[in-house]
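Per-entry structural report
The primary structure of each chain is shown beneath.
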Amino acid sequence: MPEKEKFWNPYRFVPVSAPSPPPRSAPTYHHRLTGLSGTLECRLTAKTALLVADQRGGQGSVRAFWKANDGTPTIPGTSLKGMLRSFLEIVAPGCAIVADEKAEGKNACRDPRALCPVCALFGFVGHGNTGALYRGHVTIGDARLVAETAPPPAKWEQREIYMATPHPTHKAFYPGDAGSFRKLYHHQPKCMSKPAAPNAGIKPNATLQPAPAGAAFDFSIRFVGLAPEQLAMMLYAVVLERDVATSVTGWNGTREETIRLRGDLCHKLGHGKPVGLGSCQIAIQSSIVGDGAERYRRGVPRQDLRGAELDAWHAEQAARFRATRSPTFDAALRRMMVFDESDPRDFRYPTFQWFHDGATSSRRLKPA
Ligand SMILES: [Zn+2]
């Protein structure tokens, strides 16, 4: 939120965990017989309404969910990869290929022999006509709606919202050193039942037809030739953390007060993030992981994990990644990513008048 306001601006800036440019090194090239390879079967569940829109919709028409050729609402694997990539750009840290437009290109990797941890995992295509390419180690499949988790798509509720068109940056909201921060949108759990109302006097200009909260989408992640620390990093990014307690400081009209929040850390995906759409959570349902070299030489079977065994393995891997992280930084990130179903905050953009009144518009966003 801007300082001394009761409402919360829909986004904040969180610091990246290390100075830019990120650390770089020569990646492991694809030796299929070395490193860890396997498959994760995953389920993404919408915590609020969620829309990964079909871009083919014309102006003025309803923005519907992207669908596979057989008509099944589907989240393209490229969207999931973008979501995980942009998260890891903050925490790994990595260069800003997906991140905020302000930072893009400034510190992006260019040389396949010197890659940040995120490009070394997911790959990259060099800018311009250099032809530089690194294929990456991770393939994410399309996530298809699990039919029994939602009503038929034709019955999904339509929501009229105001979608801002790109406008000049409100300078007081942006940190001076854009390369060291990333823009993240708050979760808005109240949006589960009702989308945020547009500001007074502003007419809705878009109609969205998102999947309802509770809709689930199944997909798989295949990986090949990962170093153990790369696998740990990826597993952390996919699942995040469960049952996190944190707090933020809000302005109640006369003084600052502490708002306690508790819940799982969740991702944000797709359209309508400023009005509260797109909160989602991924669970790994089964994993098959093998060591390429071992399997090849000795015929050792792959480890096939489910249930409690899978949870224990994931916890161990996530702890391994978190041991490399700064607690201060993690605190800022948790405050932004925690999804508390009883979160009392009111999220909205300031009004047109607010932006044009010098007394209010000079107010900065409080740090994340
Ligand atoms: Zn990079």
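To be clear, the structure that these remarks concern was listed above.
Notes on the structure in this doc start here. In this text the structure is predicted, and so the values were computed from the model without any measurement. (Residues numbered from 1 in each chain as written. Predicted model: local features only at pLDDT ≥ 70, side-chain atom pairs only at ≥ 80, totals over all residues.)

Here we come to the overall build of the protein. A tally of regular secondary structure across the protein gives eight helices and 17 strands. Counting only residues that meet the buried cut, the protein has 37% of its 368 residues in that class. Sequence separation of at least 24 residues holds for 77% of the intrachain contacts in the protein that already meet a minimum separation of 6. (Helix = DSSP H or I, 4+ residues; strand = E, 2+ residues; numbered from the N terminus. Buried ≥ 20, exposed ≤ 12 C-beta atoms within 10 Å, placed from the backbone. Contact = placed C-beta atoms within 7 Å.)

Here we take up the environment of lysine 47. For lysine 47, the position within the fold is in the loop between strand S2 (36-46) and strand S3 (74-75). Residue lysine 47 is classed as buried on the basis of its C-beta count, with 22 C-beta atoms lying within 10 Å. Spatially, the C-alpha atom of lysine 47 lies 8.4 Å from that of cysteine 266, the residues being 219 residues apart in sequence. If near-sequence neighbours (up to four positions away) are discounted, lysine 47 is found in contact with Ala213, Cys266, Ser279, Cys280, Gln281 and Phe339.

Turning our attention to the environment of serine 180. The residue serine 180 is located in the loop between strand S8 (159-161) and strand S9 (181-185) in this model. For the pair serine 180 and valine 16, spaced 164 residues apart in sequence, the C-alpha separation works out to 5.5 Å.

The next point concerns the pairing of strand S1 (residues 11-15). In terms of residue burial, S1 counts as a mostly covered element, since four of its five residues are buried. Sheet topology places S1 next to S9; five bridges connect them, and they run antiparallel. Within S9, the position partnered with proline 15 by the bridge is phenylalanine 181. (Pairing = 2+ DSSP bridges.)

On to helix H1 (residues 77-91), then. Here H1 spans 21 Å end to end across 15 residues, near enough to the 21 Å set by a 1.5 Å rise per residue. Of all the residues in H1, the buried ones are Leu80, Met83, Leu84, Arg85, Ser86, Phe87, Leu88, Glu89, Ile90 and Val91. (Expected span 1.5 Å × (residues − 1).)

Let us now look at the packing of H1 against helix H3 (residues 228-239). Following both chains from N to C, one finds H1 and H3 inclined at 115°, their axes separated by 10 Å at the closest point. Accordingly, the angle class assigned to the pair H1 and H3 is roughly perpendicular. Between H1 and H3 lies a crossing of right-handed hand. Between H1 and H3, the residues in contact are Leu84, Phe87 and Leu88 and Met233, Ala237 and Val238, respectively. Within the contact of H1 with H3, the residues separate by chemical class into six nonpolar, no polar and no charged. (Axes fitted to C-alpha atoms, helices over the stretch in contact; angles between N-to-C directions. Parallel < 35°, antiparallel > 145°, perpendicular 65-115°, else oblique. Left-handed = near helix turned anticlockwise from the far one by under 90°. Nonpolar A, V, L, I, M, F, W, Y, C, P; charged D, E, K, R; others polar.)

In this section: the sheet that holds strand S13 (residues 256-265). Here three strands make up an open sheet; going across it, the order is S12-S13-S17 and the pairing antiparallel. A strand with exactly one partner marks an edge of an open sheet, and here the two such strands are strand S12 (244-251) and strand S17 (338-339). Sheet analysis places S13 next to S17, joined by two bridges and oriented antiparallel. Bridge pairing in S17 links aspartate 264 to phenylalanine 339.

Between H3 and helix H5 (residues 307-322), the shortest axis-to-axis distance is 8 Å and the interhelical angle comes to 105°. Between H3 and H5, the angle falls in the class roughly perpendicular. Note on element contacts: H5 touches H3 through His314, Gln317, Ala318, Arg320, Phe321 and Arg322, opposite Leu231, Ala232, Met233, Leu235, Tyr236 and Val239. Broken down by class, the residue content of the contact of H3 with H5 amounts to eight nonpolar, two polar and two charged.

Pairing analysis gives 11 bridges linking S2 to strand S15 (residues 279-291), with the strands arranged antiparallel. Each bridged residue has a counterpart across the sheet, and for threonine 39 the counterpart in S15 is isoleucine 288. Relative to S15, strand S14 (residues 267-268) runs antiparallel, the two being bridged by two bridges. Note that in S15 the partner of lysine 268 across the bridge is serine 279.

For the rest of this paragraph, the subject is unusual backbone geometry. For the bond running from alanine 92 to proline 93, omega is -10°, close enough to zero to count as cis. Mapped onto the elements of the fold, proline 93 is located in the loop between H1 and helix H2 (117-122). Phi is positive for aspartate 243, which is not a glycine, with a value near 50°.

Among the nonpolar cores identified, the biggest contains 76 residues, and Leu44, Leu50 and Cys119 are the most heavily contacted of them. If one sorts the elements of this core by residue count, H3 sits on top with nine residues. Once residues lying within four places of it in the same chain are set aside, the contact partners of leucine 44 are Ile75, Ala143, Ala216, Phe217, Phe219, Cys280 and Ile282. (Core = buried A, V, L, I, M, F, W, Y, C linked by C-beta atoms within 7 Å.)

Once that is clear, we can look at H5. The end-to-end C-alpha separation of H5 is 22 Å, in line with the 22 Å expected for 16 residues at 1.5 Å each. Listed as buried for H5 are His314, Gln317 and Ala318. Buried residues of H5 fall within an arc of 100° about the axis and therefore sit on the same side. Opposite the buried face of H5, at more than 90 degrees from it, the exposed residues are Ala308, Glu309, Ala312, Glu316 and Ala319. For H5, the elements touching its buried residues are H3 and S15. (Arc of directions from axis to C-beta.)

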